[in-house]
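Results of the structural survey
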Amino acid sequence: MRRTTTTKTKIRTNTRMFPATLLFIILISLSPSLSNAQRKTPLFVFGDSLYDNGMTFYGRKNMGAQDWPYGQTYFQRAVGRYSDGRVIPDFIAEYAGLPFLQPYFSPGLQDLTNGVNFASAGSCVLVELRPHTINLMRQIDYFKEMVQRLKQQVGVAEANKLLSEAVYMFNVAGNDYVNLFEKNVNKKRSLSNFKKKRRINMILGNLTVHIKTVYKLGGRKFAFQKVGPLGCLPSIKHMLSYKGACMPEPQELAKMHNTAFVALIKNLETQLPDFKYSIYDFYTSLHHRVLYGATYGFRESQTACCGSGAYNGDFTCQKKGSTFSVCSNPNDYLWFDSAHPTDRANQDFSYEFWSGGPDLVSPYNLQTLFAAN
Ligand SMILES: *[C@@H]1O[C@H](CO)[C@@H](O)[C@H](O)[C@H]1NC(C)=O
């Protein structure tokens with residue numbers, strides 16, 4: 001980078017030979033702010049297994065995607081990602097010119113200036129659900145701790161600048177809704193509207209608190225992935241013995257959440273000066289791939305590559321002592337296991353999130369959000 005700058009400078013000084021210009025150029029070359037200008041926009045990631053790139057693997061003993069066949073397509077070994085290869089934040093980091101983000105619990109974590117990934121498998125927004133996971137509240141606490149470390153590392157002024165330029169990416173709440181169906185599995189009746197609305201309100205209330213916390217610490221640029229089409233998950237169909245592409249009730253709940261979520265974010269935009277955001281319609285994008293897989297190049301869009309039972313929806317992938325099957329070509333599959341897309345599918349989603357039009361990601365795509373001041 002620095003070399004390119006020098007070459008350009010030479011050309012310019014040849015055309016207009018003012019000593020003052022020369023001195024000015026020398027001064028900016030020596031200025032430490034040059035390296036700041038070259039720094040990429042950092043990325044901080046929060047959420048569940050769709051975004052987990054090793055947090056659970058490093059942070060929780062004997063948990064996370066730690067065994068064959070996870071990671072085989074891209075990493076040739078299990079590296080804590082619930083995919084045969086990369087997850088969405090990996091691709092987004094690449095598009096943004098960043099290295100793969102380090103999970104906060106990575107033993108090698110030192111440089112915080114490119115961003116960090118806090119997302120952890122199984123996490124929920126509501127703290128009483130799944131107590132053994134690194135839920136969103138804990139992730140935000142680790143983020144606060146990281147902000148202190150960052151300030152010590154690069155100084156308060158530089159840290160504040162970095163935090164205000166960074167993008168904060170969230171994929172949350174899916175597990176909170178899956179949990180509601182899990183608890184209801186042996187009951188004959190479907191979930192009452194009261195229960196659904198109560199859960200949505202609690203989740204949105206807590207999300208509001210967490211988003212405001214990140215905002216108070218300097219965050220201005222937020223990116224959200226809508227809750228996916230839960231009724232199409234092989235795991236949900238297996239759990240609720242549903243035969244068909246997508247089960248209506250979980251679909252409706254996900255849609256209710258997404259509608260309320262968009263309204264919440266629009267409201268936050270009016271309350272918080274300089275709050276900018278992207279919302280990616282992951283729901284529609286994944287739903288369409290389940291329904292019309294072949295159109296998107298997926299030979300199999302309902303049965304997972306790895307698992308057992310109907311649609312390979314029994315989450316036995318990697319489990320010792322279980323019998324599960326693994327497909328030979330994950331690239332033909334939309335789902336790698338009962339709840340997580342393949343590397344190939346994640347690449348599609350990431351590309352849409354990064355550069356998609358307003359029908360897929362709005363009001364800005366990530367490319368625009370990263371570039372925004
Ligand atoms: C956050 O969730 C808890 C349950 O975990 C709930 O009791 C509380 O009311 C929620 N907070 C807000 C602000 O909605």
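Preceding this section is the structure that the text describes.
Since the structure is predicted, the reported quantities are computational estimates derived from the model, not experimental observations. (Residues numbered from 1 in each chain as written. Predicted model: local features only at pLDDT ≥ 70, side-chain atom pairs only at ≥ 80, totals over all residues. Heavy atoms only, no water.)

Quick word on the pattern of salt bridges
Applying the stated criterion across every chain yields a total of 14 salt bridges. For E165, the salt bridge is made with R39, and the minimal N-O distance between the two is 2.6 Å. Here R39 lies in the loop between α3 (33–38) and β1 (43–47) and E165 lies in helix α7 (residues 156–165), a separation of 126 residues in the sequence. Given the relative accessible area of 27%, E165 is considered partly exposed. Owing to a relative accessible area of 17%, R39 belongs among the buried residues under this scheme. In this structure, D343 and R86 form a salt bridge, with 2.9 Å as the shortest nitrogen-oxygen distance. You can see D343 sitting in helix α13 (residues 343–355) and its partner R86 sitting in the loop between α4 (55–59) and α5 (88–95), a full 257 residues away along the chain. (Salt bridge = Lys/Arg side-chain N within 4 Å of Asp/Glu carboxyl O. Helix = DSSP H or I, 4+ residues; strand = E, 2+ residues; numbered from the N terminus. Buried < 20%, exposed > 50% of the residue type's maximum accessible area, 1.4 Å probe, protein only.)

Structural notes on the pairing of strand β4 (residues 167–171)
Residues in a regular strand project their side chains so that they alternate between the two faces of the sheet. Of all five residues in β4, five are buried, a share of seventy percent or more. Neither face of β4 is open: one carries V167, M169 and N171, the other Y168 and F170, and all of them are buried. Of the pairings in the sheet, the one linking β1 to β4 comprises five bridges and is parallel in character. Residue pairing in the sheet places F46 in a bridge with F170 of β4. Pairing of β4 with strand β5 (residues 221–225) involves four bridges; the strand directions are parallel. Considered in β5, the bridge of M169 is made with A223. (Pairing = 2+ DSSP bridges.)

Comments concerning the site of the ligand
Around the ligand, the neighbouring residues are L126, V127, E128, M202, G205 and N206. Take E128: an N or O atom from its side chain is 2.5 Å from an oxygen atom of the ligand. Residue N206 places a side-chain N or O atom 2.3 Å away from an oxygen atom belonging to the ligand. Burial of the ligand by the protein amounts to 55% of the accessible area it has alone, namely 360 Å². Grouping the constituent residues of the shell around the ligand by class yields three nonpolar, two polar and one charged. (Near = heavy atom within 4 Å. Polar contact = N/O pair within 3.5 Å; in protein donor to acceptor, adjacent residues only side chain to side chain. Areas by Shrake-Rupley, 256 points an atom, 1.4 Å probe, with all protein chains shown as cover. Nonpolar A, V, L, I, M, F, W, Y, C, P; charged D, E, K, R; others polar.)

Focus on the packing of aromatic side chains
Counting across every chain of the model gives 32 aromatic pairs. Note on F222 and F224: the rings are 6.2 Å apart at their centroids and 10° apart in plane angle, and the pair reads as stacked. We note that F222, like F224, is buried. Positioned over the ring face of F100 is R81, at 5.3 Å from the centre of the ring. Above the ring of Y311, the side-chain terminus of K237 is found at 3.9 Å from the ring centroid. (Phe/Tyr/Trp six-rings, centres within 6.5 Å; stacked < 30°, edge-to-face > 60°. Lys NZ or Arg CZ within 6 Å of the ring centre and 35° of its normal.)

Quick word on the environment of C317
The topology assignment puts C317 in the loop between β7 (306–307) and β8 (325–326). Judged by its relative accessible area of 3%, C317 falls in the buried class. Along the primary structure C317 and K187 are separated by 130 residues, whereas in three dimensions their C-alpha atoms are 27 Å apart. Among residues more than four places away in sequence, those in contact with C317 are P69, Y70, C306, G307, F324 and D337. (Contact = heavy atoms within 4.5 Å.)

Observations regarding the pairing of β5
When you tally the buried positions in β5, you get five out of five residues, the bulk of the element. With burial as the criterion, each face of β5 is covered, one bearing K221, A223 and Q225 and the other bearing F222 and F224.

Thoughts on the state of the cysteines
For the structure on display, the rule yields three disulfides. The residue that forms a disulfide with C232 is C246, at a sulfur-sulfur distance of 2.2 Å. Measuring the twist about the S-S bond at about 100°, one finds the C232-C246 disulfide to be right-handed. Placement of C232 in the loop between β5 and α10 (234–239) and of C246 in the loop between α10 and α11 (248–271) is noted, with a sequence separation of 14 residues between them. There is no split in this pair, since C232 and C246 are both buried. There is a disulfide in this structure between C306 and C317, and the S-S distance comes to 2.0 Å. What sets the handedness of the C306 and C317 disulfide is the S-S torsion sign, and at about 100° it is right-handed. (Disulfide = S-S within 2.5 Å.)

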